[in-house]
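Each chain is listed here by its residues.
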Amino acid sequence: RSRSSPSPSPTCTSDFPGPASGGRMASAARASRGASASHEKASPPSPPALQASLGPMPALLYGELKPDQVPRVDCSDPQAPELMRALRLSGTPAILVNVEGWAEFAEDWVEPEAGNQSSPERPLRLAKILEDIGDEEVPLVRQDYDVTRPVRHVTTVREFVDKAWSVGDSTWYMHQWQFPLSERGIKTLCHRCKPLPVVGQDLTRHWLDKCRGDTPFQYLFFGHAGTCTKLHRDTGGLDITMASITGAKECILVHRDDSPCLYRGNVEPKRPDLDRYPLFAFARVWRHVLVPGEVLYLPEGTYHECHNLSPCLSYSRFHLDELNLTGFLRSCNDGDAPEVSHEEILWNAAHDLIRQVDAVIDQEQCNPASSEQPPDSLDGTLQSLVALRHAMHSFKDMRGPLSVATDARTSGAATTCAATNDAWAADSWKLLVKDIDLCLEEITEAIAPARL
Ligand SMILES: O=C(O)CCC(=O)C(=O)O
Ligand SMILES: [Fe+2]
């Protein structure tokens with residue numbers, strides 16, 4: 001069997017741009033930390049002219065704007081994948097509980113819980129953390145940063161621990177350290193987080209050779225009570241998962257479609273000035289205090305701000321599967337995230353998945369008796385391949401408008417695999433779609449069609 005499309009991107013081995021100051025925070029909106037007083041949603045405010053003649057609205061008229069609770073999803077429930085699907089499609093965040101094997105790299109970083117005492121503040125084994133990643137260089141932001149010009153410093157984890165963490169200093173927040181960028185980070189922290197059972201296979205794990213099999217989009221945040229990340233949404237079209245290793249993190253979330261209610265990010269969701277920003281009363285807002293043992297799941301595009309209520313070390317990880325491919329393609333088309341090589345991610349995912357299916361086909365051909373029992377993992381692989389096939393069709397059709405975005409992306413350290421020449425690229429995508437078709441035909445013949 002021979003495949004006609006070019007092999008995976010040779011750039012898999014290359015480095016890629018990290019979370020530059022304009023990167024994940026580029027679309028960050030302004031918000032402030034403040035009292036945690038919440039306000040209940042109430043009757044719509046009056047038009048500005050009327051408001052002006054009446055003077056400022058007494059707070060009572062608005063009642064109390066109270067954020068909604070984030071729905072909880074128990075991963076051990078057989079209905080959980082269906083529920084997650086519905087939540088994700090409607091842009092609703094979720095708290096996942098009973099998640100097995102999440103952030104296993106951090107298991108040795110906290111003292112085992114004594115007895116039945118369960119507290120968000122789990123004592124850290126700093127010596128173990130420093131042994132694992134002490135010499136790594138990490139970004140710090142000042143707690144009172146201005147999102148348009150965040151003051152960033154780079155220091156080692158050891159220095160951050162000595163000079164800030166160990167002395168209770170909340171001036172600096174170790175912010176968004178993307179550990180798969182470093183060799184040591186890959187060695188000690190990658191491949192140590194089990195996939196979530198309630199979502200599809202992560203397609204970003206095929207992107208880069210140096211951490212292949214695990215996603216490059218993994219981050220650590222480390223800071224005392226009072227450190228925070230202001231209201232923003234991350235570009236790129238990827239869903240976000242967040243988990244606390246120690247500490248309580250207050251997360252205020254706003255639905256991705258409610259941008260008009262945020263007045264270009266001028267609203268402070270915890271203390272909204274409804275006289276100035278009356279539409280905020282209609283935004284879908286959630287609040288959750290994230291503690292160890294939970295995973296917060298944000299559908300792509302969800303606005304979020306985070307306040308560490310106690311000393312907190314947390315882990316964030318992006319996710320892409322068939323359900324957020326639409327947002328991913330939109331981001332690719334808009335060119336809003338130069339640090340995410342959308343085309344390479346899709347290209348390499350398709351190649352890896354085809355290879356996985358080929359291996360099963362080969363095995364079936366050598367040993368037809370095993371055809372009753374193809375590996376379970378193939379279900380997810382085939383589902384991803386079918387979704388990629390659809391995505392590539394729209395991708396191929398979008399080639400015209402894509403060329404501008406392509407220029408933006410190629411300016412990063414990673415060169416794109418298939419976008420250097422539009423005609424060539426369009427042909428290559430067509431060939432890749434053909435390869436997927438061929439592969440799906442062959443697997444249909446090789447194993448019981450009922451499985452497809
Ligand atoms: O934990 C934080 O402070 C911010 C997390 C965040 O914004 C993210 O993971 O996208
Ligand atoms: Fe974020």
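Please refer to the structure higher up on the page.
Description of the structure in this document. (Residues numbered from 1 in each chain as written. Chains lettered and ligands numbered in written order. Predicted model: local features only at pLDDT ≥ 70, side-chain atom pairs only at ≥ 80, totals over all residues. Heavy atoms only, no water.)

## Description of the pairing of strand β4 (residues 137-142)
- Of the pairings in the sheet, the one linking β4 to strand β5 (residues 152-156) comprises five bridges and is antiparallel in character. Residue pairing for β5: V141 is matched across the bridge by R152.
- Inspection of the sheet shows β4 paired to strand β6 (residues 172-178) by three bridges, in the antiparallel sense. The residue of β6 that forms the bridge with V141 is Y173. (Pairing = 2+ DSSP bridges. Helix = DSSP H or I, 4+ residues; strand = E, 2+ residues; numbered from the N terminus.)

## Quick look at the coordination of the iron ion (ligand 2)
- Protein coordination at the iron ion (ligand 2): the donors are H232 (NE2), D234 (OD) and H304 (NE2), at 2.2 Å from the metal.
- Along the chain, the residues that donate to the iron ion (ligand 2) are spaced as H-x1-D-x69-H. Here H232 is found in strand β8 (residues 228-232), whereas its partner H304 is found in strand β13 (residues 303-308), with 72 residues between them in sequence. Taken individually, H232 and H304 each receive the classification buried, so the pair is uniform in this respect. (Donors = N, O, S within 2.8 Å, 3.2 Å for Na, K, Ca; no water. Buried < 20%, exposed > 50% of the residue type's maximum accessible area, 1.4 Å probe, protein only.)

## Looking at the layout of surface pockets
- In this structure, the largest pocket spans a volume of roughly 700 Å³.
- Those elements that provide at least two residues to the lining of the largest pocket are α3 (80-89), β14 (312-319) and α9 (377-397).
- When residues in the lining of the largest pocket are grouped by element, the largest group, five residues, is from α3.
- Tallied by class, the residues present in the lining of the largest pocket amount to 11 nonpolar, nine polar and nine charged.
- The two domains that each donate at least three residues to the lining of the largest pocket are domain 1 (48-320) and domain 2 (341-451). (1 Å grid on protein atoms, 1.4 Å probe; cavity = no way out; pocket = protein on both sides within 12 Å on 5 of 7 lines; lining within 4 Å. Points joined across faces, edges and corners; volume = space filled by probe spheres on them. Nonpolar A, V, L, I, M, F, W, Y, C, P; charged D, E, K, R; others polar. Domains from an automatic or database assignment.)

## Some details on the pairing of strand β9 (residues 239-246)
- Buried residues dominate β9, accounting for eight of its eight residues.
- By the bridge criterion, three bridges tie β9 to strand β12 (residues 295-298) in an arrangement that is antiparallel. Residue pairing for β12: I240 is matched across the bridge by L298.

## Here we look at the environment of K194
- Note on placement: K194 falls in the loop between α6 (183-189) and β7 (218-223).
- For K194, a relative accessible area of 41% gives the class partly exposed.
- Linking K194 and D214, residues 20 residues apart in sequence, is a C-alpha distance of 9.9 Å.
- Ignoring sequence-local partners within four residues, the contact set of K194 consists of E100, G101, W102 and E104.
- A polar contact is formed between the side chain of K194 and the side chain of E104, at a distance of 2.7 Å. (Contact = heavy atoms within 4.5 Å. Polar contact = N/O pair within 3.5 Å; in protein donor to acceptor, adjacent residues only side chain to side chain.)

## Some thoughts on the sheet that holds strand β1 (residues 68-69)
- With mixed pairing, five strands are arranged side by side in an open sheet as β1-β11-β10-β13-β8. The open sheet has two edge strands with one neighbour each: β1 and β8.
- In this structure, β1 lies alongside strand β11 (residues 285-290), joined through two bridges in parallel fashion. Residue D68 lies in a different strand from β11, and its bridge partner there is W286.

## A closer look at the pattern of salt bridges
- One pass over the full model with this rule turns up 20 salt bridges.
- The structure contains a network of salt bridges with shared partners spanning D209, R212, D352 and R355. (Salt bridge = Lys/Arg side-chain N within 4 Å of Asp/Glu carboxyl O.)

## A look at α3
- The complete set of buried residues in α3 reads A80, M84, L87 and R88. In an axial view of α3, the angular spread of the buried residues amounts to 95°, which keeps them on one side of the axis. The exposed set on the far side of α3, more than 90 degrees from its buried face, consists of E82 and L89.
- On the buried face of α3, the contacting elements are β2 (72-74), β3 (94-97), β9, β12 and β14.
- Positioned one or two residues after α3, G91 has a phi angle of 75°, which is positive. (Arc of directions from axis to C-beta.)

## Focus: the sheet that holds β3
- Spatial strand order, β2-β3-β12-β9-β14-β7-β6-β4-β5: nine strands in an open sheet with mixed pairing. Of all strands in the sheet, those with a lone pairing partner are β2 and β5, marking the two edges. Here the strands of the sheet are splayed against their neighbours by 25° on average, with no regard to which way each runs.
- Against the sheet, α3 makes contact with β2, β3, β9, β12 and β14, and its axis sits at roughly 155° relative to β2, the strand it touches most. (Axes fitted to C-alpha atoms, helices over the stretch in contact; angles between N-to-C directions.)

Interpretation in functional terms is not warranted from these geometric data alone.
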